[in-house]
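# Overview (structure and organization)
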Amino acid sequence: MTRHESPTLITNPALFVPTPPFERVSALPQRHTLPGAELMVFRFSNGYGAAVTRQLSRPDESAFEFCVLDCMQPTPQPCFSTTVATSFLSGLSHEGTEGLLMLTERLGLHPRRVKANSSLLDEEF
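As the structure is a computational prediction, the values presented were derived from the model and not from experiment.

## Some words on the overall build of the chain
- Per the secondary structure count, the chain includes two helices and six strands.
- Of the regular secondary structure in the chain, the N- to C-terminal order runs β-β-β-β-β-β-α-α.
- Out of the 125 residues belonging to the chain, those deemed buried represent 34%.
- For the chain, long-range pairs separated by at least 24 residues make up 43% of all intrachain contacts whose partners lie at least 6 apart in sequence.
- Put simply, the chain shows about 8,700 Å² of open surface, and 56% of that area lies on carbon and sulfur atoms.

This is the structure:
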């Protein structure tokens, strides 16, 4: 009698679950691959977001670049009018970048979001 066994597929479940690159930030980013880097675009419910670039050739202590984004436009745009960052920041550590993301996520509502919310309150449904 010949014994036939089905091949066993061994998978790592962690490969199928999106892991947050920054554990203390609630939003998962859109990830984009760039030559020698990874771009992560975060969008937060307050109308702001952030672009984080990780340079793959640099050590984690200085591999990150950060920019606050205005996500109230069809395409997110750099935003230099917040208290979090008034310019592009580079040479950041993972921990420093995570701190900036947390500050961005906790910003007050974007002025356009406030205006949109006010307009909705005035509507009768």
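Read on for the rest.
## Some remarks on the nonpolar core
- One finds F22, F42, V52, F66 and L101 to be the most contacted residues of the largest nonpolar core, which totals 21 residues.
- For this core, the secondary-structure elements that each account for two or more residues are β2 (37–43), β3 (48–55), β4 (64–70) and α1 (94–105).
- Apart from residues no more than four positions distant in its own chain, V52 is found in contact with F22, E38, L39, M40, F42, F64, E65, F66, T97 and L101.
- In this structure, L39, A51, L69 and C71 belong to the second largest nonpolar core, which totals five residues.

## Looking at the pairing of β2
- Of all seven residues that make up β2, six are buried, and the element is covered over most of its length.
- Strand direction decides the pairing type here: strand β1 (residues 30–34) and β2, joined by five bridges, are antiparallel. When the bridges of β2 are listed, T33 appears paired with E38.
- The turn linking β1 back onto β2 is made up of two residues, and G36 within it adopts a positive phi angle of 75 degrees.
- The antiparallel hairpin formed by β2 and β3 contains four residues in its connecting segment, where G47 sits at a positive phi of about 100 degrees.

## Some thoughts on the state of the cysteines
- Summed over all chains, the structure comprises zero disulfides.
- The thiol of C67 is not disulfide-bonded; the next cysteine sulfur, from C79, is found 8.0 Å away.

## Details of the pattern of salt bridges
- Summed over the entire model, instances satisfying the criterion amount to four salt bridges.
- We note a salt bridge from R31 to E38, for which the minimum N-O separation is 2.7 Å.
- D70 is paired through a salt bridge with R112; the nearest N and O atoms lie 3.1 Å apart. Residue D70 is found in strand β4, and its partner R112 is found in helix α2 (residues 111–122); the two are separated by 42 residues along the sequence.
- What makes D70 buried here is its relative accessible area of 7%.
- Judged by relative accessible area, R112 falls into the partly exposed class, the value being 40%.

## Here we look at the side chain of T53
- Here T53 is to be found in strand β3.
- By relative accessible area, which is 12% here, T53 ends up buried.
- Excluding residues that lie within four positions of it along the chain, T53 makes contacts with A37, E38, L39, A63, F64 and E65.

## Let's talk about the environment of H32
- Topologically, H32 is positioned in strand β1.
- Judged by its relative accessible area of 34%, H32 falls in the partly exposed class.
- Separated by 21 residues in the primary sequence, H32 and T53 place their C-alpha atoms 9.4 Å from one another.
- Excluding anything up to four places from it in sequence, H32 contacts A37, E38, L39 and V41.

Conventions we followed
- Residues numbered from 1 in each chain as written.
- Predicted model: local features only at pLDDT ≥ 70, side-chain atom pairs only at ≥ 80, totals over all residues.
- Heavy atoms only, no water.
- Helix = DSSP H or I, 4+ residues; strand = E, 2+ residues; numbered from the N terminus.
- Buried < 20%, exposed > 50% of the residue type's maximum accessible area, 1.4 Å probe, protein only.
- Contact = heavy atoms within 4.5 Å.
- Areas by Shrake-Rupley, 256 points an atom, 1.4 Å probe, with all protein chains shown as cover.
- Core = buried A, V, L, I, M, F, W, Y, C linked by side-chain atoms within 4.5 Å.
- Pairing = 2+ DSSP bridges.
- Disulfide = S-S within 2.5 Å.
- Salt bridge = Lys/Arg side-chain N within 4 Å of Asp/Glu carboxyl O.

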